[in-house]
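A structural walkthrough
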Amino acid sequence: MTTIDWITDLALLLVVFRQLRESRLDRTSYLIPLGIVAFVAYRYLDTVPTDGNDLVLIAALVTFGAGLGIAAGVCTRIRSRGGQLYIKAGVASACLWVLGMGTRMAFQLWVGYSGGADDVARFSAAHRITSEQAWVAAFVLMALAEVVARLATIYVRSRTATREPQPEAAGGRGTATVGRTS
């Protein structure tokens, strides 16, 4: 793994740890993780192989990533304070995030440094996975799916959640308070 690989992997892990402390839900909450995965996709995703069972591998890991992302988004607390929405990733959300991102990092380390390349080559041959690029695409798209699914879940939950009532004297029309699903 290169220095850039380590930095991007750790940055993706730090995104959720940043949210262990409650913070305001704003554009930055969406743009930072999307920017990181966009960089990763640009850097590593040259092609999406479609031969053999490459798409099956990719679909399986994308589904796994999306499932983790949705679950992490559901386990993220959203609440209203002072007319603003705030999010806080709970322990479950952080564990799901680390599971997804950590799986990809562990796979890279295993294949690159712990002799896993031969095992992956045998598995690939036995299951008609045609290239190393299929694994790269599968894990990059898994990370992308996890991030996008988590953010989409948080976005939908934040849109269905309403802000605290604003006092009439301050010009607010007033709405109900935010709900929490986890």
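Residues numbered from 1 in each chain as written. Predicted model: local features only at pLDDT ≥ 70, side-chain atom pairs only at ≥ 80, totals over all residues. Heavy atoms only, no water.

With that settled, consider the confidence of the model for the chain. In low-pLDDT regions, the fine details of the predicted coordinates are not to be read closely. For the chain, the average pLDDT comes to 83, and 87% of its residues sit at 70 or higher. Of all helices and strands in the chain, the one with the weakest mean pLDDT is helix α1 (residues 3–18) (75), whereas helix α3 (residues 54–74) scores best (95). (pLDDT = per-residue confidence, 0-100. Helix = DSSP H or I, 4+ residues; strand = E, 2+ residues; numbered from the N terminus.)

Enumeration over the complete set of coordinates arrives at four salt bridges. For the salt bridge of Arg77 with Glu22, the shortest nitrogen-to-oxygen distance reads 2.7 Å. A residue pair is termed long-range when its members are at least 10 positions apart, and Arg77 in strand β2 (residues 76–81) and Glu22 in the loop between α1 and β1 (23–24) qualify at 55 residues. Since its relative accessible area comes to 23%, Arg77 is described here as partly exposed. (Salt bridge = Lys/Arg side-chain N within 4 Å of Asp/Glu carboxyl O. Buried < 20%, exposed > 50% of the residue type's maximum accessible area, 1.4 Å probe, protein only.)

This next bit is on the sheet that holds β1. Spatially, three strands are ordered β1-β3-β2 in an open sheet, and the strand pairing comes out antiparallel. Edge positions in the sheet fall to β1 and β2, since each of these pairs with one other strand and no more. Bridge count for β2 against strand β3 (residues 84–89) is six bridges, and the pairing is antiparallel. Bridging across to β3, Ser80 finds its partner in Leu85. (Pairing = 2+ DSSP bridges.)

Together, Trp6, Leu10, Leu14, Phe17, Leu20 and Val98 make up a nonpolar patch on the protein surface, roughly 490 Å² of accessible area in all. Per-element tally for the nonpolar patch: the top contributor is α1, with four residues. Along the polypeptide, Val98 turns up in helix α4 (residues 91–113). Taking the relative accessible area as the measure of exposure, Val98 reaches 31% and is therefore partly exposed. (Patch = residues over 30% accessible without salt bridge, like charges linked within 9 Å, V, L, I, M, F, W, Y side chains within 5 Å. Areas by Shrake-Rupley, 256 points an atom, 1.4 Å probe, with all protein chains shown as cover.)

What follows concerns helix α2 (residues 27–44). Helical geometry: 3.6 residues make up each α-helical turn, so side chains three or four residues apart lie on a common side. Here α2 contains 18 residues, and its C-alpha end-to-end distance of 26 Å stays within 8% of the 26 Å for a straight helix at 1.5 Å per residue. Buried within α2 we find Ser29, Tyr30, Pro33, Ile36, Val37, Val40 and Ala41. Projected down its long axis, α2 carries its buried residues within an arc of 145°, all on one side. Of the exposed residues in α2, those oriented more than 90 degrees away from the buried face are Arg27, Leu31 and Tyr42. Two or three places before Thr28, at the start of α2, stands the capping residue Asp26, its side-chain oxygen 3.2 Å from that residue's backbone nitrogen. (Expected span 1.5 Å × (residues − 1). Arc of directions from axis to C-beta. Polar contact = N/O pair within 3.5 Å; in protein donor to acceptor, adjacent residues only side chain to side chain.)

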